[in-house]
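For reference, the chains in residue letters:
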Amino acid sequence: MSSLKRVFSAVALLAMVGLFGGMSASAAPVNLGEAKCDNCHKSEDAVWKKTKHATSFKEIHRKPAVKDIIAAAGGDANMRRNAVCTTCHYTMVSATPGAAPTAGSGTSCEGCHGPSSDWLAIHNNDKMPKAERVEKTVAAGMIRPEMLYDIAQNCLGCHELARPGIAPETFAKMIDAGHPAGTDFELVSWLEGSVRHRFYPPDVTQNKEMTDAEKSRMFIIGHTGALVRATEATGKVKNAKYEETLKKVDAGARAALDAIKGQVPEAAAVLAQPTDDNARKLVAAIANKDLTPQVGKLLPPKTAFK
Ligand code: HEC
Ligand code: HEC
Ligand code: HEC
Ligand code: HEC
């Protein structure tokens, strides 16, 4: 299973739980909602509440384009209940596993760190040694901060638009009806602005920007993930605007990888064959490298942070 399918199978199963709302307990992990995190993560929560992911909840369904987009996609006329819209615009929260999920907020903690019903108790078990806790939470579906490729794929699964579980024809129609045609998503600029929450030790009061070395790696990881996805999506969504977005994604990613392929042979392999396996090999190969000499000039300036 590709990593993307792995990340999204949980979401697809969630959607099924929604469809068969009355069904008894399902094995699929579910979102418990941001309120389960905020007691222990006050700083992260304060950042999140100011992001578009959070503020969108109160306003997006009122946008004039929504009616036409829903007509194109089909399904429930209420955006918060429409199975296509809820896949990306909301974190669907179940009060208890098996209960029909409802739109609890915009994209919240679990939209990025994974539905927590199977991992929260392990996460909160401070008697368990850290290494064991890390292994078990990942096995239970947690997307942790160091899983940079999975993080990138997860952002792109909403921002680059085409994703497993939603028919390509549906996207084509939605775009014609006025939905943005996906994004030429560059990870550093999208992660380092409003979304950034990096209260890492030793000083947990500081929301630290990435160092240049970290940015240079994140830049490559974001472009690598985007290239893999764009390659998968190309030719599937029959829409000229969307094909244009994919072309931009492809060109940006190739420029980034070209800059390092002399030093990092795994980058050349991704350029030749943009697959998930090759991408993960590249990400592993650059784990401790400072690529600033190669990509420093390509990094976005602070003014480009969103
Ligand atoms: C009972 C307190 C508590 C709750 C509830 C809690 N966390 Fe945490 N979380 C922590 C602590 C403590 C750490 C630091 C862990 C460490 O260093 O071992 C942490 C660390 C993290 C990390 C960084 C990776 C790691 O494990 O060090 C992420 C991501 C995270 N939490 C997400 C969440 C999300 C999402 C929720 C809600 C679904 C949540 N947490 C709920 C206490 C909590
Ligand atoms: C694959 C994920 C995905 C799906 C499915 C999706 N959207 Fe979106 N939508 C996005 C993203 C990401 C943005 C923001 C685009 C950007 O910032 O470039 C967006 C933006 C929008 C906007 C413009 C928001 C603004 O601030 O002007 C509207 C309106 C919208 N979506 C409506 C819908 C409706 C209605 C549905 C369901 C029929 C839907 N979307 C389904 C990902 C999705
Ligand atoms: C848009 C996606 C996204 C959302 C929403 C999100 N996170 Fe994160 N989170 C990340 C990413 C990406 C990182 C890794 C950042 C890095 O290391 O550069 C991270 C890192 C963390 C960390 C470790 C860094 C730190 O501040 O200690 C914690 C804890 C955490 N997130 C908790 C949360 C909680 C709690 C929420 C909800 C209030 C949340 N996150 C919402 C993407 C997200
Ligand atoms: C579950 C889907 C989803 C995921 C995952 C997701 N986003 Fe988003 N994001 C959205 C949607 C939808 C919007 C637009 C909301 C609107 O316009 O009202 C958005 C908006 C944003 C914005 C605001 C852009 C602006 O123009 O103000 C930023 C920045 C952003 N996302 C960054 C990220 C990053 C970085 C990640 C991964 C760490 C990520 N997102 C993961 C769905 C998602």
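Everything quoted here is computed from the prediction, not taken from an experiment.

1. Brief notes about the coordination of the iron atom of ligand 1
Step number 1: Protein-derived coordination of the iron atom of ligand 1 comes from H41 (NE2) and H123 (NE2), at a distance range of 2.0 Å.
Step number 2: Geometry at the iron atom of ligand 1 is octahedral, judged from its 6 donor atoms and the angles of 88 to 180° they form at the metal. Of this pair, H41 sits in the loop between helix 2 (35–38) and helix 3 (42–49) while H123 is found in helix 8 (residues 120–123), placing the two residues 82 residues apart along the sequence.

2. So, the site of ligand 3
Step number 1: Taken together, the neighbourhood of ligand 3 is formed by 19 residues, with C109, C112, H113, H197 and Y200 sitting nearest.
Step number 2: Taking Y200, its side chain carries an N or O atom lying 2.6 Å from an oxygen atom of ligand 3.
Step number 3: When contributions to the shell around ligand 3 are tallied by element, the ones reaching two or more residues are helix 3 and helix 7 (109–113).
Step number 4: Partitioned by chemical class, the residues of the shell around ligand 3 number 10 nonpolar, 6 polar and 3 charged.
Step number 5: Looking at the shell around ligand 3, you find at least three residues from each of domain 1 (1–144) and domain 2 (146–306).

3. Here's the deal with the coordination of the iron atom of ligand 4
Step number 1: Protein-derived ligands of the iron atom of ligand 4 are H53 (NE2) and H159 (NE2), with the metal-ligand distances lying across 2.0 Å.
Step number 2: Overall, H53 belongs to the partly exposed group, its relative accessible area being 25%.
Step number 3: According to the relative accessible area criterion, H159 is partly exposed, its value standing at 24%.

4. A few points about the pattern of salt bridges
Step number 1: The tally for this structure, following the rule as stated, stands at 11 salt bridges.
Step number 2: E132 is the salt-bridge partner of K136, the closest N and O atoms lying 2.7 Å from each other. A residue pair is termed a helical-turn pair when its members lie 3 or 4 positions apart in one helix, as K136 and E132 do in helix 9 (residues 130–139) at 4 residues.
Step number 3: A relative accessible area of 38% means that K136 is categorised as partly exposed.

5. As for helix 14 (residues 240–260)
Step number 1: The terminal C-alpha atoms of helix 14, which comprises 21 residues, lie 31 Å apart, in line with the 30 Å expected from a rise of 1.5 Å per residue.
Step number 2: For helix 14, the secondary structure elements touched by its buried residues are helix 11 (168–176), helix 13 (212–233), helix 15 (265–272), helix 16 (276–285) and helix 17 (292–295).
Step number 3: The residue sitting at the N-terminus of helix 14 and contributing the capping side-chain oxygen is N239; that oxygen lies 3.0 Å from the backbone nitrogen of K241.

6. Let's talk about the confidence of the model for the protein
Step number 1: Per-residue confidence for the protein gives a mean pLDDT of 92; residues scoring 70 or more make up 91%.
Step number 2: Per-residue pLDDT stays below 50 along residues 10–26; that stretch engages in 21 contacts with residues further than four places along the chain or on separate chains.

7. A word on the site of ligand 4
Step number 1: Among the 17 residues in the neighbourhood of ligand 4, the closest are listed as H53, S56, C155, C158 and H159.
Step number 2: Between ligand 4 and S56, the relevant distance is 2.6 Å, taken from an oxygen atom to a side-chain nitrogen or oxygen of the residue.
Step number 3: Contributions of two or more residues to the shell around ligand 4 are made by helix 4 (52–59), helix 6 (83–89), helix 10 (148–159) and helix 12 (187–191).
Step number 4: At 4 residues, helix 10 tops the list of elements feeding residues into the shell around ligand 4.
Step number 5: Within the shell around ligand 4, the residues separate by chemical class into 8 nonpolar, 7 polar and 2 charged.

Cut-offs and rules
Residues numbered from 1 in each chain as written. Chains lettered and ligands numbered in written order. Predicted model: local features only at pLDDT ≥ 70, side-chain atom pairs only at ≥ 80, totals over all residues. Heavy atoms only, no water. Donors = N, O, S within 2.8 Å, 3.2 Å for Na, K, Ca; no water. Tetrahedral: all angles 85-135°; square planar, octahedral: opposite > 155°, others 65-115°. Helix = DSSP H or I, 4+ residues; strand = E, 2+ residues; numbered from the N terminus. Near = heavy atom within 4 Å. Polar contact = N/O pair within 3.5 Å; in protein donor to acceptor, adjacent residues only side chain to side chain. Nonpolar A, V, L, I, M, F, W, Y, C, P; charged D, E, K, R; others polar. Domains from an automatic or database assignment. Buried < 20%, exposed > 50% of the residue type's maximum accessible area, 1.4 Å probe, protein only. Salt bridge = Lys/Arg side-chain N within 4 Å of Asp/Glu carboxyl O. Expected span 1.5 Å × (residues − 1). Contact = heavy atoms within 4.5 Å. pLDDT = per-residue confidence, 0-100.

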